[in-house]
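Residue strings, one per chain:
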Amino acid sequence: MRVCDFRKFFITAVLVAVLTLVVQAASPTLDATVREVAVNSLGQSVEARITASESARFTYFELEGPRRLVVDFHGLKNTIGFSEKNVRSAGVERIRTSYFSTPDRAATRIVFDLEKCVNYRVIDEGSGIVRVVFGDE
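Values in this document were obtained by computation on a predicted structure and should not be read as measured data.

Analysis parameters
Residues numbered from 1 in each chain as written. Predicted model: local features only at pLDDT ≥ 70, side-chain atom pairs only at ≥ 80, totals over all residues. Heavy atoms only, no water. Helix = DSSP H or I, 4+ residues; strand = E, 2+ residues; numbered from the N terminus. Buried < 20%, exposed > 50% of the residue type's maximum accessible area, 1.4 Å probe, protein only. Contact = heavy atoms within 4.5 Å. Areas by Shrake-Rupley, 256 points an atom, 1.4 Å probe, with all protein chains shown as cover. Pairing = 2+ DSSP bridges.

Undergrad: Would you take a moment to explain the overall build of the protein for this structure?
TA: Each helix and strand in the protein was counted, giving 1 helix and 10 strands. A burial count over the protein gives 33% of its 137 residues as buried. Contacts in the protein between residues at least 24 apart in sequence constitute 51% of all its contacts with a sequence separation of at least 6. On the protein, roughly 8700 Å² of surface is accessible, and the fraction owed to carbon and sulfur atoms is 55%.

Undergrad: Could you clarify how one ought to interpret the environment of A32 in this entry?
TA: In this fold, A32 is placed in the loop between α1 (2–26) and β1 (33–42). Residues A32 and S55, spaced 23 residues apart in sequence, show a C-alpha to C-alpha distance of 9.2 Å. Apart from residues lying up to four places away in sequence, A32 is in contact with S53, E54, L76 and K77.

Undergrad: Would you mind showing me how to read the sheet that holds strand β10 (residues 129–134) here?
TA: Backbone hydrogen bonds hold the strands of a sheet together, and the pairing may be parallel or antiparallel. Read across the sheet, 5 strands follow the order β5-β1-β2-β10-β9 without closing on themselves; strand pairing throughout is mixed. Strands at the two margins of the open sheet, each flanked by one partner only, are β5 (77–78) and β9 (120–126). Alignment of β1 against β5, held across 2 bridges, turns out to be parallel. Each bridged residue has a counterpart across the sheet, and for T33 the counterpart in β5 is K77.

These values are about where atoms sit, not about what they do.
Printed below as a string of structure tokens:
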């Protein structure tokens, strides 16, 4: 009887260890960060190049009153060197960065405050690089 109980305990311990390793491998690295937001004016357009330490899941959406574009990088810490940067070009007033968290999620949040209705494109270049282009290229 004791040998059977030991086998059950051993098998359970091995399963827990394997499942823990699988979950850790599927999760973003604990040190994964959004490192930089570089802004370049390109004639009548503005490009924001967002660089993360690794590829990450991100979402974006618009908000009104005042109008802004929000880009959330899920599960990544914020190591961007600024919290607010004035742009004042191609319909982008400024860029704000922060670490956003609620009980059910956490993300580095990048907010583009917009002056008016402006065209934009969000381009995932892979390898942790996302470009947001405002205006016409």
